[in-house]
Amino acid sequence: MEINLWQERALNATTEPVKCFCDPKTCDNIGWCLAAEQCYSAVVVESYGLVARAGCISVDSPLQCNTPASHNHAILCCNTVNLCNEFLEPELIGGNDIHFTNDDNQSNLTPIMMSIAIPAATCVLVALLLYLLFRFYKRHAWKAHKYEKAVSSGAGDTGTPPEKPLGNPLAVQYGGHQADTSLSPVTAGDSTLQDLLGHSYSSGSGSGLPFLVQRTVSRQINLIDRVGTGRYGEVWKGSWQGEMVAVKIFSSRDEQSWFRETEIYNTVLLRHENILGFVASDMISRNSWTQMWLITHYHENGSLYDFLNTNTVNRDVMLRFAQSIANGLVHLHVEITGTQGKPAIAHRDLKTRNILVKRNLSCCIGDLGLAVTHRRDTNHVDRGQNTKVGTKRYMAPEILDDRLNVDSFEEFKQADVYAMGLVFWEIARRCQCSTGRVVEYQPPFFDQVQSDPSFEEMRKVVCVSKVRPHVPHYWTNDRVLSQMGRLMTECWHESGSARLTSLRVKKSLQQIEPVCPEVKLKLDLI
Ligand code: C9U
């Protein structure tokens, strides 16, 4: 006769102490225990969840059989047959929604895992926070270091920059609100920019004011109108103590240009009527980002590009523009020795957008963010750290086909003269002169390449097809226009060494007779 498990257990119950099913943890993984009296099965609510317990009851057990089911534990006991508690299922009061689990390993793991996971996650978070703080600090410290280098390398500095920004940088407000300068240690008093710049000029510093004065001035500026925006950032018309200034706020992608321009203006004495007049340079921290400002004289006529787009010119204005640009370029290109001297500078991004038209209708050259300097005694070409390249449309053939020797300063100057030739062409197209004809403004190679041409596009046009801007035949009908036409062709010669030098261009332009010399005299007085 076959007997089943229950019958076997029932038989055992009469002869031996009852054998109870026991959860492995309590019974060292044996799975059973021998009870003098009772087996139990219980559900207990622990802090980490519900656990099922099973085993043998003794007098000193924390669980006893006669306790009624409650909301935090329930127990059922038996002693009828061996392992009688295996399938007992006690229920908590109101515990229908509570999941009954028998997985002791899992329930024991939960608190262990939590005790590891929470501190680990906290550590990771703290580490991440420290890393971000470190990066933020490093970035600012690095910028500040470069700023100090760029700004304070000029002689005549009145001190080292303080640890905290002077004044309240956040108080420089957009839209014409007055900046809070109450904390500024350097007061500009009733001085005009002219007074301040005149003093710094004679004190032998670079082109700018002493470092702390630059900061003070920049933080007293009200930004009035945005007059330009582009990849470089923004240009604002601003006012300082009632005087107009131009503020270029560099985009973060172009911060190298700000460093370079700040460095050049602060180390080189660059006061010249045909170079955009420098006022101050500043780095302003706002929350988590930094604004880089370059403050210059303001010219209400805007850039030569703006001017030619909306105006035509007569022969005298054309000549005036060309002569002043050549004068500015000569001043950059020449090295002057002595205490008031300057290194030779090549611009590397000459174009109508970087030339400003002054009220007296002469021009001045701005944007020295790419400039390279050269000193004859050491024959050292200093290209700065800027990885930016010039404007492709204005690049000389030797740049486009990568032949330019970057250790040769002469070649940088020749590339500037090529760009100046293109600028002359843009101006001459807008001169009716005595021909009775004038054409709309167009940039160089407008008929060859798209807007924002690629390097390769320009190379094909300028180096492979050897195209140059068209010099119209009707220009030969005018004495000044035809001379201008000849001059520009000599600026954009294929071979850099065959081009005129900027000094030669300047002298050639001086030899062209103005149509109305008295107008020139009047304009010179403005
Ligand atoms: C965008 C080219 N640019 C112009 C100026 C500057 N870049 C600049 C360069 N370095 C430092 C500071 C500024 C600049 N602009 C002016 N004046 C100005 C006046 C009117 C306009 C533009 C510029 N208009 C643009 C077209 N719409 C009407 C107004 N002065 C000095 C430098």
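Residues numbered from 1 in each chain as written. Predicted model: local features only at pLDDT ≥ 70, side-chain atom pairs only at ≥ 80, totals over all residues. Heavy atoms only, no water.

**Regarding a nonpolar patch on the surface**
Put simply, the test is: Patch definition: residues with relative accessible area over 30% and no salt bridge; like charges joined within 9 Å; nonpolar side chains (Val, Leu, Ile, Met, Phe, Trp, Tyr) joined within 5 Å. Accessible surface area values rest on a Shrake-Rupley calculation with a 1.4 Å probe, where residue burial reflects the displayed protein chains alone. Salt bridges are defined as contacts in which a side-chain nitrogen from Lys or Arg sits within 4 Å of a carboxyl oxygen from Asp or Glu. Numbering of helices and strands runs from the N terminus; a helix is a DSSP stretch of H or I covering at least four residues, while a strand is a stretch of E covering at least two.
Together, Leu125, Leu128, Tyr131 and Leu132 give the surface a local cluster of nonpolar side chains, amounting to about 430 Å² of exposed area. Within the element layout of this structure, tyrosine 131 appears in helix α2 (residues 104-152).

**Brief notes about helix α5 (residues 255-267)**
Formally: In a helix, the anticipated span is given by 1.5 Å times the number of residues less one. Buried residues are those whose accessible area, probed at 1.4 Å on protein chains only, stays under 20% of the maximum for their type, while exposed residues exceed 50% and partly exposed ones sit between those limits.
The first and last C-alpha atoms of α5 sit 18 Å apart over 13 residues, in line with the 18 Å expected at 1.5 Å per residue. Of all 13 residues making up α5, ten are buried, and the element is well covered by its neighbours. For α5, every residue scored as buried is listed here: Glu255, Ser257, Trp258, Phe259, Arg260, Glu261, Thr262, Ile264, Tyr265 and Asn266.

**Comments concerning the confidence of the model for the protein chain**
So the rule is basically this: Looking at any residue, its pLDDT shows the predictor's confidence there, from 0 to 100. Between two residues, a contact is recorded if the distance between any of their heavy atoms is within 4.5 Å.
A residue-level look at the protein chain finds 82% of positions with pLDDT of 70 or above and a mean pLDDT of 83. Note on residues 1-14: pLDDT under 50 across the span, and 13 contacts to partners over four residues away in sequence or across chains.

**Brief notes about the packing of aromatic side chains**
Operational definition: The aromatic pairing rule takes the rings of Phe, Tyr and Trp, using the six-membered ring of Trp, and pairs them if the centres are within 6.5 Å, calling planes under 30 degrees apart stacked, those over 60 edge-to-face and the rest tilted. The rule for a charge over a ring is simple: NZ of Lys or CZ of Arg within 6 Å of the ring centre, and within 35 degrees of the ring normal.
One pass over the structure, following the stated rule, counts five aromatic pairs. Geometrically, the ring pair formed by tyrosine 265 and phenylalanine 278 is stacked, given 4.6 Å between the ring centres and 10 degrees between the ring planes. Residue tyrosine 265 is found in helix α5, and its partner phenylalanine 278 is found in strand β9 (residues 278-286); the two are separated by 13 residues along the sequence. Residue classification places phenylalanine 278 among the buried positions, given a relative accessible area of 1%. Ring centres of tyrosine 305 and tyrosine 441 lie 5.4 Å apart, and the angle between their planes is 85 degrees; on these two criteria the pair is classed as edge-to-face. Placement of the pair is tyrosine 305 in helix α6 (residues 304-310) and tyrosine 441 in the loop between α9 (409-428) and α10 (455-464), with a sequence separation of 136 residues. Note on tyrosine 441: relative accessible area 9%, which makes it buried. Taking the ring centre of tryptophan 32 as reference, the NZ or CZ of lysine 19 above it sits at 4.8 Å. Here arginine 353 stacks its cationic end above the ring of tyrosine 305, 3.8 Å away from the centre of that ring.

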